[in-house]
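# Structural overview for review
Each chain is listed here by its residues.
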Amino acid sequence: MQTIQDKIGHFPRQLEDESIYILREVAAQFERPALLFSGGKDSITLVRLAQKAFFPGKIPFPLVHIDTGHNFPETIEFRDWLAKETGAELIVRYVQDSINQGKATEESGKYASRNVLQTVTLLDTIEEFKFDACIGGARRDEEKARAKERIFSVRDDFGQWDAKRQRPELFDMLNGRIAVGENVRVFPISNWTELDVWNYIKEEKMEIPSIYYSHQRQVIERDGMLWADSEYLNKEADEIPFEATVRFRTVGDMTCTAAVASDAIDIDVIIEEILSAEISERGARIDDKRSEAAMEKRKQQGYF
């Protein structure tokens, strides 16, 4: 029987091989691919995999970040550092510009967030640069709508996803054929789990944003979860900030990503927490809780 210690630092290397194969297939089959980069652990893992896939050359596609304007400062700082460190081209487009242009409307109310508005900016960015493949860090274990995705997930000329149009993927045969105007979302770490990602980070000694580790932060309590206090939250009178020791399990917009109470200051302890956790990784993402099919509806509209 495996103990917790047996699972720490044990990464199945065949997953890395599969992901590198997928990335090389993207470079071979598409003319203008891009890597959608959020600054979170999964997209950071993709950057490391791309470095390995194309070594000793540079990563042959840009990192594209759709900035909501409500991101964690630590994430933006890390994004800029990583792009400089790897020599990768960084393209940033802003949700605020979509709002200013009248293409997106700011939400109001207690749960207002710009997370959904990213879709508008993303689709405009794909059109601007004529990207035919967008690489993302989604994993099948994250959420049930993610589990329906193929590794090569075709989107129509409006950026929409249709589960019924997904192609069979036999063995390692990836079909990148698309019609004019269509694009493909590619998920090289689709078969990884959250634990796999953390073990890979540990084995590869990768740098990640500091908010993944335990730290002191001003938070508010809302719906039984801890939210980073910020000017972007529409706080109610009884939501009074207090200091707590927390970390973030997943990183998204500050208005939709809650923290977890934690004293984990190193990866081994984080892995122990994951192994004993009673809620899923995305259990702290309020955008997934808007309805039972929240993620699937966003994907149908062109969401990452």
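Criteria and thresholds
- Here the residue numbering is sequential within each chain, running from 1 through the sequence in written order.
- Two thresholds apply to this predicted model, a pLDDT of at least 70 for residue-level local features and 80 or more for giving and counting side-chain atom pairs, whereas whole-chain, interface and lining totals are computed over all residues.
- The basis for every side-chain value is the complete set of heavy atoms in the structure, and neither hydrogens nor water enter the calculation.
- We count a stretch as a helix when DSSP gives it H or I for four or more residues in a row; a strand needs E for two or more, and each element gets its number in order from the N terminus.
- Only protein chains enter the accessibility calculation, which uses a 1.4 Å probe; a residue whose area is less than 20% of its type maximum is buried, one above 50% is exposed, and one in between is partly exposed.
- Contacts were defined at the residue level, with two residues in contact if any of their heavy atoms lie within 4.5 Å.
- Accessible surface area values rest on a Shrake-Rupley calculation with a 1.4 Å probe, where residue burial reflects the displayed protein chains alone.
- We define a nonpolar core as any set of buried Ala, Val, Leu, Ile, Met, Phe, Trp, Tyr and Cys residues linked to one another through side-chain atoms lying within 4.5 Å.
- Residue ranges for the domains trace back to a domain assignment, done automatically or taken from a database.
- A pair of strands is considered paired only if DSSP assigns at least 2 bridges between the two.
- One speaks of a salt bridge when a side-chain nitrogen belonging to Lys or Arg is within 4 Å of a carboxyl oxygen belonging to Asp or Glu.
- Two aromatic rings from Phe, Tyr or Trp, using only the six-membered ring of Trp, form a pair when their centres are within 6.5 Å; if the ring planes differ by under 30 degrees the pair is stacked, by over 60 it is edge-to-face, and anything between is tilted.

Right, let's talk about the overall build of the chain for a bit. The helix and strand tally for the chain stands at nine helices and ten strands. Within the chain, buried positions represent 55% of all 304 residues. Relative to all contacts within the chain whose residues are 6 or more apart in sequence, the contacts with residues 24 or more apart total 74%. Accessible surface, the chain: about 14,200 Å² in total, of which carbon and sulfur atoms supply 50%.

In this section: the nonpolar core. By size, the foremost hydrophobic cluster in this structure holds 57 residues, and its most contacted members are Phe152 and Trp198. Broken down by element, this core gets its largest block of residues, seven residues, from helix α3 (residues 41-54). Counting residues domain by domain, this core receives three or more from each of domain 1 (4-197 + 292-300) and domain 2 (210-288). Setting aside residues no more than four positions away along its own chain, tryptophan 198 makes contact with Lys41, Ile208, Tyr212, Arg247, Ile267, Ile270, Ile271 and Ile274. One finds Ala34, Val64, Ile91 and Leu117 within the second-largest nonpolar core, a separate group that totals 14 residues.

This part takes up the pairing of strand β8 (residues 225-228). Burial of β8 is two-sided: the residues Met225 and Trp227 facing one way and the residues Leu226 and Ala228 facing the other way are all buried. For strand β7 (residues 215-222) and β8, the ladder comprises four bridges, and the chain directions are antiparallel. Each bridged residue has a counterpart across the sheet, and for valine 219 the counterpart in β8 is alanine 228. Following β7, the chain reverses through two residues before pairing antiparallel with β8; aspartate 223 in that reversal takes a positive phi of roughly 55°.

On to the pattern of salt bridges. In the structure shown here, the tally under the stated rule is 23 salt bridges. A salt bridge links arginine 114 to glutamate 106, with the nearest nitrogen and oxygen atoms 2.8 Å apart. You can call arginine 114 buried: its relative accessible area is 6%. Assessed through its relative accessible area of 36%, glutamate 106 is described here as partly exposed.

In the structure shown here, the tally under the stated rule is nine aromatic pairs. Centre to centre, the rings of phenylalanine 129 and phenylalanine 131 are 5.3 Å apart; their planes meet at 15°, and the pair counts as stacked. You'll find phenylalanine 129 and phenylalanine 131 in the same group, each marked buried. Relative to tyrosine 212, the ring of tryptophan 198 lies with its centre 5.6 Å away and its plane at 80°, an arrangement referred to as edge-to-face. Taken as a pair, tryptophan 198 in helix α7 (residues 194-204) and tyrosine 212 in the loop between α7 and β7 lie far apart in primary sequence, 14 residues in all. Three or more aromatic residues joined by ring pairs form one cluster here, namely Phe11, Trp192 and Tyr200.

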